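One letter stands for each residue in the lines below.
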Amino acid sequence: WISTLYSYRANPIYANELWELLVIGGFMRGANIEVFTADQLDVLSTVLHWAAQRKEELGLAGVSEIRTTALQMLDRALELTKYELPGEHTRSLLALTRAQLLIESGKRSEARAMLGIAEFRVDVIRDPNQKARVYRKLGALCLKLWNPVGFWYIAHALMVHGASRGTLKKTGLFWRQ
């Protein structure tokens, strides 16, 4: 249900329901992250990252608590994917989400290490849509770190053979973010 609400977060009704479930309802507070799969932790940490953007409603302590929870989830998920086979994309996306949270927390050198995980794996990702997604996110985060190689990654995201029009459109819309 959380994943579905997150997919429709552009609609204020669904965004508010997700917000109430996560933050006001304390859905993740005290959750045992050991019971979740790496993919579930990826979704939950991404949703928590989204929630942390509502800083004025959370306050500094709330943002810190949400980021800490998301980072713990990502650490657990990265541990679960330690032996992920080449060609899979989950570990790369986990590393990129963790890098994004670290950048926003001012931990740029730790973020660069996470980017390295994704850089190392991106060329062998089999699913063209996921490959384009990793390239796009890698490019965006490199640019946040003022690294011009980000433009190269964005260009590669647009050139992934077999990527869907929807994925390529999202990469084209990247410039609006």
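Right, let's walk through the structure included here. Everything numeric here is computed off the predicted structure, so don't read it as measured data.

### Topic: the nonpolar core
No. 1: Residues Leu-96, Leu-115 and Val-134 are the most contacted members of the largest nonpolar core, which totals 44 residues.
No. 2: Of all the secondary structure elements, the ones that give two or more residues to this core are helix H3 (38–52), helix H4 (55–80), helix H5 (90–104), helix H6 (108–122), helix H7 (128–144) and helix H8 (149–158).
No. 3: Ranked by the residues each element gives to this core, the list is headed by H4, at nine residues.
No. 4: In contact with Val-134, not counting residues within four places along its chain, are Ser-92, Leu-93, Leu-96, Ala-118, Val-122 and Ile-125.

### Thoughts on H7
No. 1: In this model, H7 (17 residues) spans 24 Å end to end at C-alpha, consistent with the 24 Å of a helix rising 1.5 Å per residue.
No. 2: Within H7, the full set of buried residues consists of Gln-130, Lys-131, Ala-132, Val-134, Tyr-135, Arg-136, Leu-138, Gly-139, Ala-140, Leu-141 and Cys-142.
No. 3: Taken together, the buried residues of H7 touch H5, H6, H8 and helix H9 (165–173).
No. 4: Two or three places before Asn-129, at the start of H7, stands the capping residue Asp-127, its side-chain oxygen 2.8 Å from that residue's backbone nitrogen.

### Things to note about the packing of aromatic side chains
No. 1: Within the structure shown, the criterion is met by two aromatic pairs.
No. 2: On the basis of an interplanar angle of 75 degrees and a centroid distance of 5.1 Å, the ring pair of Trp-152 and Tyr-153 is categorised as edge-to-face.
No. 3: Ring pairs connect the aromatic residues Tyr-135, Trp-152 and Tyr-153, which therefore count as one cluster.

### What about the packing of H5 against H6?
No. 1: Between H5 and H6, the least distance of the axes is 8 Å, while the angle of their chain directions is 160 degrees. On the basis of their axis angle, the class for H5 and H6 is roughly antiparallel. The chirality of how H5 crosses H6 is left-handed. On H6, the residues touching Arg-91, Ser-92, Ala-95, Leu-96, Arg-98, Ala-99, Leu-102 and Ile-103 of H5 are Arg-108, Glu-110, Ala-111, Met-114, Leu-115, Ile-117, Ala-118 and Arg-121.
No. 2: Counted by class, the contact of H5 with H6 contains ten nonpolar, one polar and five charged residues.

Rules of the game
- Residues numbered from 1 in each chain as written.
- Predicted model: local features only at pLDDT ≥ 70, side-chain atom pairs only at ≥ 80, totals over all residues.
- Heavy atoms only, no water.
- Core = buried A, V, L, I, M, F, W, Y, C linked by side-chain atoms within 4.5 Å.
- Buried < 20%, exposed > 50% of the residue type's maximum accessible area, 1.4 Å probe, protein only.
- Helix = DSSP H or I, 4+ residues; strand = E, 2+ residues; numbered from the N terminus.
- Contact = heavy atoms within 4.5 Å.
- Expected span 1.5 Å × (residues − 1).
- Polar contact = N/O pair within 3.5 Å; in protein donor to acceptor, adjacent residues only side chain to side chain.
- Phe/Tyr/Trp six-rings, centres within 6.5 Å; stacked < 30°, edge-to-face > 60°.
- Axes fitted to C-alpha atoms, helices over the stretch in contact; angles between N-to-C directions.
- Parallel < 35°, antiparallel > 145°, perpendicular 65-115°, else oblique.
- Left-handed = near helix turned anticlockwise from the far one by under 90°.
- Nonpolar A, V, L, I, M, F, W, Y, C, P; charged D, E, K, R; others polar.

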